[in-house]
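Here are the chains, one letter per residue:
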Amino acid sequence: MVSRGTTQQSSAPYNRRIVLDVIRRQGKISRREIVDLVSLSPQTVANITNDLQTIGLIVARRVKGAKSRGQPPIAFELNPNAGNSIGISLEPGRVSAGLVNLVGEIIERREVHIDTHDQRRALATVLALTRELRRPPAAGGRLWGIGVALPGPLVKTDISFVGPTTLEGWNDLSALD
């Protein structure tokens, strides 16, 4: 599913996200194809792709072997060197983390087996792995985000259960804190 852009003046950030997401999903895509998918004007898409190139999030490449008059068409793709994200998974008995570039390639991976019954130690391990993966500054030094996956539920409900994937003893956790 592709989202549609909007023509309201205040929606420039939204349109930029829509175009960037289309490029991410398609891998390589021309301006004409972007226009068709997001229902924005060719000029708006040209302005957005120029902006995304200027800040280094996308790169433009000539399509080789294309049979057409004039210059070969240009395809846009995500710039894998435009920054990274960190993904963390906390599971019973282990914490794993990975540094991933903008196109989803794993740059570095870490895994630590620990007793996850000890919340403080487990969360300290999460922080330590995050610090390790943040240095040295990766591609351009930009870290776009950190995502954490935790098994749940962390708040008891009527349908709560304790199974092999739950973290026993972890109640009312505020992961952000």
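This section reports on the structure supplied with the text. (Residues numbered from 1 in each chain as written. Predicted model: local features only at pLDDT ≥ 70, side-chain atom pairs only at ≥ 80, totals over all residues. Heavy atoms only, no water.)

Looking at the pattern of salt bridges
- Inspection of the entire model under this criterion finds nine salt bridges.
- For E77, the salt bridge goes to R61, with nearest N and O atoms at 2.3 Å. With E77 in strand β3 (residues 74-78) and R61 in strand β2 (residues 58-62), this residue pair connects regions lying 16 residues apart in the sequence.
- The partner of R94 in a salt bridge is E91, and the shortest N-O contact between them spans 3.0 Å.
- A relative accessible area of 26% places R94 in the partly exposed class.
- Taking the relative accessible area as the measure of exposure, E91 reaches 26% and is therefore partly exposed.
- In the salt-bridge network here, residues are joined through shared partners; they are D21, R24 and R25. (Salt bridge = Lys/Arg side-chain N within 4 Å of Asp/Glu carboxyl O. Helix = DSSP H or I, 4+ residues; strand = E, 2+ residues; numbered from the N terminus. Buried < 20%, exposed > 50% of the residue type's maximum accessible area, 1.4 Å probe, protein only.)

Some details on the packing of helix α1 (residues 12-26) against helix α2 (residues 31-38)
- Relative orientation of the contacting elements α1 and α2 amounts to 115°, with a least axis distance of 10 Å. Crossing hand, α1 versus α2: right-handed. Contacts between α1 and α2 involve I18, V19, V22, I23 and Q26 on the former and, on the latter, I34, L37 and V38.
- Class assignment of the residues belonging to the contact of α1 with α2 gives a composition of seven nonpolar, one polar and no charged. (Axes fitted to C-alpha atoms, helices over the stretch in contact; angles between N-to-C directions. Left-handed = near helix turned anticlockwise from the far one by under 90°. Contact = heavy atoms within 4.5 Å. Nonpolar A, V, L, I, M, F, W, Y, C, P; charged D, E, K, R; others polar.)

Points about the packing of α1 against helix α3 (residues 42-54)
- For the pair α1 and α3, the least separation of the axes is 10 Å and the interaxial angle reads 75°. Accordingly, the angle class assigned to the pair α1 and α3 is roughly perpendicular. Residues N15, R16, V19 and L20 of α1 form the contact with α3, whose participating residues are I48, T49, D51 and L52.
- Grouping the constituent residues of the contact of α1 with α3 by class yields four nonpolar, two polar and two charged. (Parallel < 35°, antiparallel > 145°, perpendicular 65-115°, else oblique.)

Here's the deal with the environment of L127
- Along the chain, L127 falls in helix α4 (residues 119-134).
- Sequence separation of L127 and I88 is 39 residues, and the distance between their C-alpha atoms is 9.9 Å.

As for the sheet that holds β2
- The antiparallel open sheet is built from three strands, whose spatial order is β1-β3-β2. On the outer flanks of this sheet lie β1 (29-30) and β2, each paired with one strand and no other.
- Both β2 and β3 contribute to a ladder of five bridges, which runs antiparallel. Following the sheet pairing, R61 is matched in β3 by A75.
- Along the sheet face, α3 touches β2 and β3 and points at about 110° away from the line of β2. (Pairing = 2+ DSSP bridges.)

Some details on the pairing of strand β6 (residues 106-113)
- Bridge count between strand β5 (residues 94-101) and β6: seven bridges; the pairing is antiparallel. By the bridge assignment, L99 is partnered in β6 with E108.

In short, geometric facts, not functional conclusions.
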